[in-house]
Amino acid sequence: MTSELSLTENQRNYRLAVVPGDGIGPEVTQCALAVLDAAERAFGFSSTRDHIAAGAKHYLATGELFSTDIEQRLRANDAILFGSMGDPSVAPGILERGFILAMRQRFDQSVNLRPVRLFPGVKTPIVGLTPERCNLVIVRENTEGAYVGRGSTVHAGTPRAVAIQESVNTRAGVERVVDYAFRLASSRRKKLTLCHKTNILVEAGKLWQDTVNDLAARYPDVETDYVHVDAMCFHLPISPERFDVVVTDNLFGDIITDLGAVIQGGLGVAASANLNLDGCSPSMFEAIHGSAPDIAGMGYANPAGAIMSLAMCLAHLGEADAALAIEAATVQVLGSMEGLSGPSMGGTTEQIGQQIACLVTQMSQSQEPPLAGLSIMSGIKSTSIK
Ligand code: IPM
Ligand code: MG
């Protein structure tokens, strides 16, 4: 165990913004912070945490969303741990667009990295699927496409209403994400699949396919493949082994990563990293699940997604040993659970978090490398900052 003295002596202190948000966000974030406490003691680093109030309650009381003030506070940090946002008390879209999408766009978090990894012992609804066959990463473009919020409605509220929703795809925006995906594939099993709908969305589809074709010349070691998004919904659950790195646009990525989460055991276990690639703004780490207001405060939420997202955050900051230990501890606890959410978890949210935190401490004292070769963290550090 690291002493107080050595903690103050070492230089590895990270500034972390913590945004617990709404619904189950605060409870899973609290678990992630308990695991972070254990990891800091075990691996000899520290963090200065700035807890930021945001979300439905805060919005209803103050009207504040992603304000300049909040932006500046977040910017002062090395990374952001994010719980979740959304509540029935606020109309759909206000918090999602006004905070989450605003943050991704303002901080230029162009890559949304979402690993789809079935860990040993974790129950999947896909009959016969084994961990060996399910280890891929979805790279979702995170600042453009249909999420730019452009569009208009004429004759609103009348039978002649016309709604136009635009999808914006820039060559520069697509290229940086495709290039990231190539680098990630090059550090993994060397296969990159573009997922789109080029037979119907011919304008955007051509821009994406041309970009992949052009960049492929720079990465001769990476094999490229293409799958339509509808076909992806068929292939992903049945033959995930076909995929190593999948690159796709914002909307398709949003949809297929929920499917990916189900394959790996459910939304509660899936993690993500929203990466700023040039290091000019902080990256943000969040579980894929939403705020699940129906189960908030009941102790039914699985904290694994939030804890795995913390592991991705630490991998990104360069604390690879701690990240691997957290991942291995989470996998071990998940593997011992009867069910992956609700009362069948065999413990409350807080208890599951405590189990994982204890295991992190134990693992740091063991000589065995945790989960060799299985990490969802592979390639994050080497590809996340240019
Ligand atoms: C996600 C979520 C968000 C998105 C919402 C909450 C804005 O579904 O991170 O996948 O659409 O990106
Ligand atoms: Mg989503």
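In this text the structure is predicted, and so the values were computed from the model without any measurement.

Trainee: Mind laying out the pairing of strand β11 (residues 271-275), listing which residues take part and the relevant values?
Mentor: Every regular strand shows the same layout, with side chains that alternate between the two sheet faces. Of all the five residues making up β11, five are buried; the element is thus mostly covered by neighbouring parts of the structure. On β11, burial covers both faces: A271, A273 and L275 on one face and S272 and N274 on the other are all buried. Across three bridges, strand β4 (residues 111-117) lies against β11 in antiparallel orientation. Its bridge partner being in β11, N112 is matched across the sheet by N274. In this structure, β11 lies alongside strand β12 (residues 283-287), joined through four bridges in antiparallel fashion. From the neighbouring strand, S272 faces β12, where its bridge partner is E286.

Trainee: Can you break down the nonpolar core residue by residue, with the values?
Mentor: Core analysis: the largest hydrophobic core is formed by 107 residues, its most contacted members being V35, V139, A181, I307, L310, I326 and V360. Among the elements that line this core, the one with the most residues is helix α10 (residues 304-317), at 11 residues. Each residue touching V139, except ones within four places of it in the same chain, is listed here: V111, L113, V177, Y180, A181, L184, V245, V246 and V247.

Trainee: I'd like a rundown of the site of ligand 1, residues and numbers included.
Mentor: Around ligand 1, the neighbouring residues are E96, I100, L101, D254, I288 and G290. The element contributing the most residues to the shell around ligand 1 is helix α5 (residues 94-106), with three residues. Taken together, the residues of the shell around ligand 1 sort by class into three nonpolar, one polar and two charged.

Trainee: Tell me about unusual backbone geometry, and please be specific about residues and values.
Mentor: The residue H155 is not glycine, and still its phi comes out positive at about 55°. On the secondary structure map, H155 appears in the loop between β6 (151-154) and β7 (162-165). Unusually for a residue other than glycine, K190 sits at a positive phi of about 65°. When you line up the elements, K190 lands in the loop between α6 (171-186) and β8 (191-196). In this structure K190 comes out as partly exposed when scored by C-beta crowding, with 14 C-beta atoms within 10 Å.

Trainee: Tell me what's going on with the sheet that holds strand β5 (residues 135-141), and back it up with residues and numbers.
Mentor: Spatially, the 10 strands line up as an open sheet ordered β2-β1-β3-β12-β11-β4-β5-β10-β8-β9, and their pairing is mixed. Looking at strand neighbours, the two that pair on one side only are β2 (46-51) and β9 (223-228), the edges of this open sheet. Here the strands of the sheet are splayed against their neighbours by 25° on average, with no regard to which way each runs. Sheet analysis places strand β1 (residues 13-21) next to strand β3 (residues 79-84), joined by five bridges and oriented parallel. Across the sheet, the residue bridging to V18 is L81, located in β3. Against the sheet, helix α2 (residues 25-43) makes contact with β1, β2, β3 and β12, and its axis sits at roughly 140° relative to β3, the strand it touches most.

Trainee: Can you explain the packing of α2 against α10? Please cite residues and give values.
Mentor: Where α2 meets α10, the closest approach of the two axes is 8 Å, and the angle between their N-to-C directions is 45°. Of the possible angle classes, the one that applies to α2 and α10 is oblique. Between α2 and α10 lies a crossing whose hand is right-handed. In this structure, α2 contributes V28, T29, C31, A32, V35, L36 and A39 to the contact, and α10 contributes A306, I307, L310 and L314. Taken together, the residues that form the contact of α2 with α10 break down as 10 nonpolar, one polar and no charged.

Conventions we followed
Residues numbered from 1 in each chain as written. Chains lettered and ligands numbered in written order. Predicted model: local features only at pLDDT ≥ 70, side-chain atom pairs only at ≥ 80, totals over all residues. Buried ≥ 20, exposed ≤ 12 C-beta atoms within 10 Å, placed from the backbone. Helix = DSSP H or I, 4+ residues; strand = E, 2+ residues; numbered from the N terminus. Pairing = 2+ DSSP bridges. Core = buried A, V, L, I, M, F, W, Y, C linked by C-beta atoms within 7 Å. Contact = placed C-beta atoms within 7 Å. Near = placed C-beta within 6 Å. Nonpolar A, V, L, I, M, F, W, Y, C, P; charged D, E, K, R; others polar. Axes fitted to C-alpha atoms, helices over the stretch in contact; angles between N-to-C directions. Parallel < 35°, antiparallel > 145°, perpendicular 65-115°, else oblique. Left-handed = near helix turned anticlockwise from the far one by under 90°.

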